[in-house]
Amino acid sequence: MYDMSSISKGNVQQRTPISARAAAASLQQPKSHFKQTPGNKRQQNQDDASIQNASQNSTHSNRMDMEYDEFGRLVSPPKKNRCTLPVAAFSLVLVAVALIVTWQVFPTEEIVVKFLPKFEAPASPYTGEEAPDTATSDTENNNGDAGIDIDIPLENEVPISDATSVPSFMKCPTDSEELCCNGSLENCQLKVNETMFATLHNAMSTEEGGFNFGFNHYKTLEKAMVAGYRGVNLDLCNCNGKLQFCHNICDYGERIPQEVFANVLDFLKQYPSEVIILVFQATTEKGPIVWNDLYDEMKQVQGFEDMLYVHQGEGKDWPLMGDLIKSNKRIVTFYFNGGTCTDDICPEPFLPFYKYTAETEYQSANLDDLRNIQYSCQLTRGPGGFKGDFFAVNNFVTPPDPEASAITNTQKFLSERLTNCANYNGKRPNFVYVDFWSKGVTSQLVQYANKQMAAQKKEKEQK
């Protein structure tokens, strides 16, 4: 649009553009305003100024809320914030309801399991280098009834949900100068292979320890030791050249060996009457395991190596628990599931687990499997013909299930299972493997089972 006054009679002069806003304002005037006359030109100028001022004021006040084109025309209506507090709260409720419905209706757990990393489980029967023979249950000689009774009635059950102090059944008497072993005077007269140990299956795999899924326990192994657990099973992984205690897979939770060893040592220093059994399982999917490397990790913790017990070899007698306390050799170590040793020479304290131990079936899918004596009590790993010094009973389901553990770790279930497996194989259990140790009374029952064993041994010796 151009200024009409720039056109003279017979000649077209250089045309000068006027402002866009003034042009827009002029479009809103009556058509007579387009005809420039001396009488209305002054009025038009005044109107243009008024319109321009009003436009500027309006633009200034609404600039944050409205958008205009170059001619001053409204492009879009003001944008209003419709996300009010009630709307946000209602949306959150809808999302929560949708999640709950999805969790209850759809098989989410089965879907998640399909996408979890898979790994090969240890062989069953176990045929590793350290266990050349296949374990077999000795049912022919004992007919499934060796007369072993581990039905221990607990007058006062002491469930351990979160150990912050040593429970009463694990406390050594303070008014006696007699030697005390693992919380009891009677235990000192038992040999190591006559003693029962409440044992943590996959002890490193805990919710508190940062394992996000598939964990075997809620609480850490350090708390479990305070609660009376004296057997600690740990999976060893090689994660990019660095040793870690992980659950078969790197990056899904791990514990640092030196940290664990330092904590075990601190516990043993604080409680000088206790003996700890460490059972290491090699996981070689991510890298080779060399047991000498783990031994080097132990030696980095000052004082730990000094407490390691060295056994004299297969077929040799095991010492009394009291002897381990007196000599301060209170850490017994085993290893299994492969791995190698430097120049085929393993660290002297490291003992091949399945040359000394026979073990029951470990792949029970549910409680019915565990109640099936022929299935769950059969020996699947360890020396053939039950020649081992130790007997391990697996008392958990796979995958880990806290609800199942709340039943398997009760006095009734444990007593029946240990008695059944003992009679089925003609051997009293030594290692009682459990998941979710903070549920049930496993450590308490094991303590009283040891007292029962000590009393039976003393009675037999007096005859």
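Residues numbered from 1 in each chain as written. Predicted model: local features only at pLDDT ≥ 70, side-chain atom pairs only at ≥ 80, totals over all residues. Heavy atoms only, no water.

Draft legend 1. Here's a closer look at helix α15 (residues 442-462). Taking 1.5 Å per residue as the helical rise, α15 with its 21 residues ought to reach 30 Å, and the 30 Å between its terminal C-alpha atoms agrees with that figure. Within α15, the full set of buried residues consists of Thr 442, Ser 443, Gln 444, Leu 445, Val 446, Gln 447, Ala 449, Asn 450, Gln 452, Met 453, Ala 454 and Lys 457. Residues of α15 that are buried in the fold lie against β5 (197-200), α14 (411-425) and β15 (431-434). (Helix = DSSP H or I, 4+ residues; strand = E, 2+ residues; numbered from the N terminus. Expected span 1.5 Å × (residues − 1). Buried < 20%, exposed > 50% of the residue type's maximum accessible area, 1.4 Å probe, protein only. Contact = heavy atoms within 4.5 Å.)

Draft legend 2. Region of interest: the state of the cysteines. Counted by the stated rule, this structure contains six disulfides. Across a sulfur-sulfur distance of 2.0 Å, Cys 239 and Cys 250 are joined as a disulfide pair. Where Cys 239 bonds to Cys 250 through sulfur, the torsion about that S-S bond is close to -90 degrees, and the disulfide is left-handed. Highlighted residues: Cys 239 in strand β6 (residues 231-239) and Cys 250 in the loop between β7 (242-246) and β8 (254-255), separated in sequence by 11 residues. Like Cys 239, the residue Cys 250 is buried in the burial classification. With its sulfur 1.8 Å from that of its partner, Cys 341 forms a disulfide with Cys 346. Linking Cys 341 and Cys 346, the disulfide has an S-S dihedral of approximately 90 degrees and is accordingly described as right-handed. For Cys 341, a relative accessible area of 11% translates into the label buried. Here Cys 346 falls in the partly exposed class, since its relative accessible area comes to 27%. (Disulfide = S-S within 2.5 Å.)

Draft legend 3. Inspection of a nonpolar patch on the surface at higher detail. Together, Val 93, Val 97 and Val 101 line one region of the surface with nonpolar side chains, adding up to about 240 Å² of accessible area. Counting through the fold element by element, Val 93 comes out in helix α3 (residues 85-105). We classify Val 93 as partly exposed; its relative accessible area is 48%. (Patch = residues over 30% accessible without salt bridge, like charges linked within 9 Å, V, L, I, M, F, W, Y side chains within 5 Å. Areas by Shrake-Rupley, 256 points an atom, 1.4 Å probe, with all protein chains shown as cover. Salt bridge = Lys/Arg side-chain N within 4 Å of Asp/Glu carboxyl O.)

Draft legend 4. Representation of unusual backbone geometry in the model. With an omega of 0 degrees, the peptide bond running from Thr 398 to Pro 399 counts as cis. The backbone phi angle of Asn 328 is positive, close to 60 degrees, even though this residue is not glycine. Summarising the element assignment, Asn 328 is placed in the loop between α9 (321-327) and β10 (331-336). In this structure Asn 328 comes out as partly exposed when scored by relative accessible area, which is 33%. One non-glycine residue with positive phi stands out, namely Asn 337, at about 70 degrees. Following the sequence through the fold, Asn 337 ends up in the loop between β10 and β11 (350-352).

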